[in-house]
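Summary of structural features
Take a look at the letters that make up each chain.
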Amino acid sequence: MISVNSISKKFGKQQVLHDFELRFEAGHSYAVMGPNGSGKTTLIKSILGMVLPDSGEILVDGQSIQGHTAYRQQIGYMPQIGRYPSNMKIGQLFSMMKDMRPEVKEYDLDLVNQFELEMIKDKAMGTLSGGTRQKVSAALAFLFQPKVLILDEPTAGLDPIAVEILKAKIQKERKEGKLILITSHILNDLEELTDQAIYLFEGEVFFNDSIESLKEITGEGRFSPAIAKLMQWTLKKKTSTKSLTHA
Amino acid sequence: MLKLLKYALYDILKSRFALIYTFFLFLIAVSVYQISDDLGKVSLSLMNILIMIVPLIAAVFATTHFYNNLEFIELMLAQPVKRIQVFLSQLFAVILMLSLSILIGFGLPMLVWGADSGLLILLGVGVVLSAVFAGFAFLASVMTRDKAKAIGVSLALWIYFSLVYDGLVLYLIYSFADYPLEKPTLALVLLNPVDLGRILMLMQLDISALMGYTGAFFRQFFSSNTGWLIASSALLIWIVFPNWIALKVFGKRDF
Amino acid sequence: MKTQLCILISLIGMLSSNWLWAKEVVLNPKDPIQATIDRAKDGDTLVFLPGTYKLNSIVIRKPLTLIGKDYPVLDGDGKGNVLLIAATHVTIQGFKIRNTGKSNMDDSAAIKFFDSKNCIIQDNILSDTFFGLHFSNSSNLTIINNVIHAEAIREFEVGNGIHLWKCKNSFIGGNQVSGHRDGIYLEFVTETQVKDNLVQKNMRYGLHFMFAHDNSYIRNTFRNNGAGVAVMYTKNVLMQENRFEENWGSSAYGLLLKDIRDSKVVNNYFFKNTIGIYMEGSSRIEFENNDFRQNGWALKLMASCDQNTFLANNFIQNTFDMSSNGSVVLNKITQNYWDKYEGYDLDRDQIGDVPYRPINLYSVIVEKIPSAVILWRSFMVTLLDRMEKILPTLTPDQMIDESPKMKAYDLS
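Predicted model, so just to flag it, every value in this text is computed and none were measured.

Let's shift gears to the overall build of chain C. If you tally the helices and strands in chain C, you get four helices and 38 strands. The 412 residues of chain C split such that 57% are buried. A separation threshold of at least 6 residues defines the contact pool for chain C, and within that pool the share at least 24 residues apart is 48%.

It is worth spelling out the pattern of salt bridges at this point. Two side chains that carry opposite charge are able to pair once their charged atoms sit near each other. Taken as a whole, this structure holds 35 salt bridges over all chains when the rule is applied. Of the charged contacts, one joins Lys167(A) and Glu192(A) as a salt bridge, the two residues approaching to 3.1 Å between their closest N and O atoms. On the criterion of sequence distance, the pair formed by Lys167(A) in helix 5 (residues 160–175) and Glu192(A) in helix 6 (residues 187–193) is long-range, its members being 25 residues apart. For Lys79(C), the salt bridge is made with Asp77(C), and the minimal N-O distance between the two is 3.6 Å. Assessed through its relative accessible area of 47%, Lys79(C) is described here as partly exposed. When salt bridges with common partners are traced through the structure, they connect Asp108(A), Asp110(A), Lys169(A), Lys172(A), Glu173(A) and Lys178(A) into a single cluster.

Before going further, it helps to spend a moment on the UniProt feature "domain: Carbohydrate-binding/sugar hydrolysis" (unreviewed entry) in chain C. Within this structure's numbering, the places UniProt gives as "domain: Carbohydrate-binding/sugar hydrolysis" (unreviewed entry) are residues 40–187 of chain C. Secondary structure within residues 40–187 of chain C divides into 0% helix and 43% strand; the distance between the first and last C-alpha atoms comes to 34 Å.

What follows is about the UniProt feature "domain: ABC transporter" (unreviewed entry) in chain A. Under the local residue numbering, the UniProt record ascribes the feature "domain: ABC transporter" (unreviewed entry) to residues 2–227 of chain A. Helix makes up 33% of residues 2–227 of chain A and strand 27%. Its end C-alpha atoms lie 25 Å apart.

One finds Phe24(A), Leu46(B) and Phe106(B) to be the most contacted residues of the largest nonpolar core, which totals 156 residues. Core analysis: the second largest hydrophobic core is formed by 77 residues, Ile60(C), Val237(C), Val329(C) and Val364(C) among them.

Another point: the sheet that holds strand 8 (residues 179–183) of chain A. Residue and element names in this part refer to chain A. Read from one edge of the open sheet, six strands run 6-7-8-3-9-10, paired in mixed fashion. Taken across any chain shown, the strands that pair with only one partner, and hence form the sheet edges, are strand 6 (75–78) and strand 10 (204–210). Here the strands of the sheet are splayed against their neighbours by 15° on average, with no regard to which way each runs. With four bridges joining them, strand 6 and strand 7 (residues 148–152) adopt parallel strand pairing. Across the sheet, Met78 pairs through a bridge with Leu151, a residue of strand 7. Of the strands in this sheet, strand 9 (196–201) and strand 10 touch helix 7 (residues 211–218), which is tilted by about 110° from strand 10.

Turning next to helix 5 of chain A. Residues and elements named next belong to chain A. With 16 residues, helix 5 ought to run about 22 Å at 1.5 Å a step, and its terminal C-alpha atoms sit 23 Å apart, in line with that. Every buried residue of helix 5 is listed here: Ala162, Val163, Ile165, Leu166, Lys167, Lys169, Ile170 and Glu173. Where helix 5 is buried, its residues contact helix 3 (110–114), helix 4 (130–143), strand 7, strand 8 and helix 6. Two residues or fewer after helix 5 comes Gly177, characterised by a positive phi angle close to 85°.

What follows concerns a nonpolar patch on the surface. All names here are of chain B. Among the surface-exposed residues, Leu13, Leu100, Leu103, Ile104, Leu108, Leu111, Val112 and Trp113 lie close enough to one another that they form a single nonpolar patch of about 740 Å² accessible area. Every element with two or more residues in the nonpolar patch is listed here: helix 5 (83–105) and helix 6 (107–113). For the nonpolar patch, the leading source of residues is helix 6, giving four residues. Position of Leu111 among the secondary structure elements: in helix 6. Take Leu111: its relative accessible area is 74%, and that puts it in the exposed class.

Chain A puts 29 residues into the contact, and the matching count from chain B is 26 residues. The junction of chain A with chain B conceals about 2600 Å² of combined surface from both sides, 58% of it contributed by carbon and sulfur atoms. On the surface where chain A and chain B come into contact, there are three salt bridges. The partner of Lys45(A) in a salt bridge is Glu74(B), and the shortest N-O contact between them spans 3.6 Å.

Our focus in this paragraph is the sheet that holds strand 1 (residues 2–11) of chain A. Residues and elements named next belong to chain A. Overall, antiparallel pairing links the four strands, which are arranged 2-1-4-5 in an open sheet. With partners counted over all chains shown, the strands left at the sheet margins are strand 2 (14–24) and strand 5 (63–64), one partner each. Note that strand 1 and strand 4 (residues 55–60) share five bridges and pair antiparallel. Its bridge partner being in strand 4, Ser8 is matched across the sheet by Ser55. In the packing of helix 1 (residues 40–48) onto the sheet, contacts are made with strand 1, strand 2 and strand 4, and the angle to strand 2 comes to roughly 60°.

So, on to the packing of aromatic side chains. Residue and element names in this part refer to chain C. Summed over all chains, the structure comprises 41 aromatic pairs over all chains. Taking 6.0 Å as the distance between ring centres and 80° as the angle between the ring planes, the aromatic pair formed by Tyr341 and Tyr356 counts as edge-to-face. Taken together, the residues span a long stretch of sequence, with Tyr341 in the loop between strand 38 (337–338) and helix 3 (361–368) and Tyr356 in the loop between strand 38 and helix 3 at a distance of 15 residues. Residue classification places Tyr341 among the buried residues on the basis of a relative accessible area of 11%.

A separate point is the interface of chain C and chain B. Between chain C and chain B, the contact holds 31 residues from the first and 38 residues from the second. Roughly 3000 Å² is buried in total at the junction of chain C and chain B, and carbon and sulfur atoms are behind 69% of that figure. Interface area lost by chain C to chain B is led by Ile374(C), Arg377(C) and Phe379(C), which between them contribute 25%. On the surface where chain C and chain B come into contact, there are one salt bridge. Close ionic contact of Arg377(C) with Asp206(B) constitutes a salt bridge, the shortest N to O distance being 2.7 Å. Put simply, chain C and chain B have five residue pairs in polar contact (both at pLDDT 80 or more) between them. Within the side of chain C that touches chain B, the residues separate by chemical class into 17 nonpolar, 11 polar and three charged.

Our next topic: the side chain of Thr334(C). Residue and element names in this part refer to chain C. Among the secondary structure elements, Thr334 is positioned in strand 37 (residues 330–334). Residue classification places Thr334 among the buried positions, given a relative accessible area of 13%. Setting aside anything within four residues of it in sequence, one finds Thr334 in contact with Phe310, Leu311, Ala312, Asp401 and Ser403.

Right, let's get into the packing of helix 3 (residues 39–68) of chain B against helix 5 of chain B. Residue and element names in this part refer to chain B. It is the contact of helix 3 with helix 5, at a shortest axis distance of 11 Å, that shows an interaxial angle of 145°. Where helix 3 crosses over helix 5, the handedness of that crossing is right-handed. In this structure, helix 3 uses Leu50, Val54, Ile57, Ala58, Phe61, Ala62 and His65 to contact helix 5, whose residues at the interface are Gln90, Val94, Met97, Leu98 and Ile102. Classifying every residue of the contact of helix 3 with helix 5 gives 10 nonpolar, two polar and no charged.

Residue and element names in this part refer to chain C. Locating Leu299 in the fold gives a position in strand 33 (residues 297–301). Classification of Leu299 by relative accessible area gives buried; the value is 1%. Excluding its chain neighbours within four sequence positions, the residues that come into contact with Leu299 are Ile277, Phe292, Phe310, Phe315, Asp321, Met322 and Ser323.

Quick notes on the rules
Residues numbered from 1 in each chain as written. Chains lettered and ligands numbered in written order. Predicted model: local features only at pLDDT ≥ 70, side-chain atom pairs only at ≥ 80, totals over all residues. Heavy atoms only, no water. Helix = DSSP H or I, 4+ residues; strand = E, 2+ residues; numbered from the N terminus. Buried < 20%, exposed > 50% of the residue type's maximum accessible area, 1.4 Å probe, protein only. Contact = heavy atoms within 4.5 Å. Salt bridge = Lys/Arg side-chain N within 4 Å of Asp/Glu carboxyl O. UniProt positions renumbered as here; feature names shortened; annotations may be inferred. Core = buried A, V, L, I, M, F, W, Y, C linked by side-chain atoms within 4.5 Å. Pairing = 2+ DSSP bridges. Axes fitted to C-alpha atoms, helices over the stretch in contact; angles between N-to-C directions. Expected span 1.5 Å × (residues − 1). Patch = residues over 30% accessible without salt bridge, like charges linked within 9 Å, V, L, I, M, F, W, Y side chains within 5 Å. Areas by Shrake-Rupley, 256 points an atom, 1.4 Å probe, with all protein chains shown as cover. Buried area = accessible area lost by both parts, 1.4 Å probe. Phe/Tyr/Trp six-rings, centres within 6.5 Å; stacked < 30°, edge-to-face > 60°. Polar contact = N/O pair within 3.5 Å; in protein donor to acceptor, adjacent residues only side chain to side chain. Nonpolar A, V, L, I, M, F, W, Y, C, P; charged D, E, K, R; others polar. Left-handed = near helix turned anticlockwise from the far one by under 90°.

Printed below as a string of structure tokens:
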């Protein structure tokens, strides 16, 4: 559904993405991992068209995204830190987002209801706590029933109850065959929510396969130790990279 | 586009800053009207203030606004809308807010106590200078990734155009006093939007003195509509040009 | 009042000399004009019926009254003068006179008077004349309510509207003069009053007088003339309640005073002139209750002026109040209202407690480098001026009004 064809990106001298080759298929859920500065957010932003790659191209449904905006209708994006116009009320924010996608008539209000956002719809965004703002971001990402969900650190800053609500929602969407992309530092969350693992290291795709094969290759039965092992390997020479990536 | 503008404008108009700025201008205008006996003196005092304050506020506010809204801009960019629309909606919102503040802050007292053509032109100059310096600020903002640096650049541009530039021109005129300098001087002045705004006002307030200059070129410039046209179109270029570059940079920028 | 008196006097003169013989002759355009005039007796009245009379150099040497009925046209056909008069008690009234010659050689005029006395020129309309009314060596003239308009493009293509040379005891009132070289020109003219005239859009000066002592100029309007009003080499002049407006240009002034002595400039209104008053070599002039508004420079006072008094004038919204080419100041400036004055009045006597300096730094700079005017009112220049106000270095420190008024005088 989304194919990333050999994209590279430099910020100044720093090579943030180096020759990325990735496929994201509908019905799968991908965990995008890697240490800070490994290129996770840059990858996501490239797919969203917010970062323009120096070379390579990104196809969504077989069509290059360059110069196009319509494909974003199919993407629900939950940013790492959602900052909104501080004088805008929650209700207004929602109607604005609806305004921007006039062709969508049916809304997914699961999260709006479960987070009870309707009750605080007259609160200005500037007065909200970080957690509430995350709830708003999450609710917005799911609102238009998009085929693709891109969630950047979705559980950070949420209270435990909200985390559970959100996770349940993600699971539900997975079952409906959506394509889901999640970055997170909380490995437990990822294990529950994803079936594919992508590990980025210093601007390169270090690992890209199913979680099953990750466990197999690392010889670990559980997710967290498998990732830990992966991280150890990255610290050694990167000569083994190629043999590890099946893509 | 209009939807985006509507929401951006709604947000900015409700900000405390818009209220304070409008009130501040209103207070200035009211006190100037109170202490001056005639409209000519009012437009003089208001012009002195406006030429200084308006570009400064426009530059600082637009930069701050851009950076404060960066995350929101990012959110917009993740939506199915064009970048150019996101940029222009933010820009127009800022310009509209600054202009409305001037039109209300200075305009209300004018409605109450009367205005002449000079004062009306002053309002126009205020709006135009706001647009020009909002453009500079947006340009500085899209070129840098650091709020402090962008504010620094905007402030530097303000100081340059309000003070340093005229100093350089005066120095030049002084050094080459023996040469016929009317055309170079006029050309130099066209290269500074603040000077342009000021000269539109001079043509209202000091036309008698301007006509005293010996150069035929000067006289032609100031006595006919040509001068008006040239100064106004130069100002228009000053609005469009920085914003156009900023738009180009914005279109290629990574968020 | 004065005009009526003049008419009365001249009427009495006519009646007493030839009243028994005087008769009225009616003319139409086909009549031989010169022959009719030559045949006429002293004191006769010639009534011109409507129509166009082609006339050149018609000579009048006896007291006659020429009346135009419904404004007959006297057309000079572009050659020489129309009427030449050397007589006493001549009245010319109610004509349209046009198309004189355009030569500088003979100073062609609509009506030219030589050595005449007690003449009245009234209610005529002059157009496209080289000189309008031209008088030399005459006296007791009454020149009233004429409209004199020329449409030349260049200064040398036209003469003066009303031109008096070596005349005295005359009255010039209620005329409208436009488009000439000088609107009203007086040379060696004495004891004459110029009153209620509207003089505008003339190429050079609205009013120009030289060596013309003991005259008064009252309630005239001089507007938009090439260089305003010029007064030269004259003493004992009264200029009162005149309006000097919109005289714009590189050497344009409301009023130019050059070598004038013992005169009074009172209650005049200077509005939107490049220079309100420019004076050099002048002394003992009293300037009182004048209103200077929106001029480029209200006053340019050259160092060659002394013992002049500026008392109780208003200076409002002028770009620069005053400038000078020197620092020695022997004039008295006191109790004027300056709208740029920023002092205070603690004892509330309506007089500011700190003196006012009418010459600011930037006017000194502009005096040296005229193109610097383009930077006026910029932030930088304002700063410079502020600094100079606090620590005067360049501006003449004797040029001060020690007792500036806090409120403007009501001079309307």
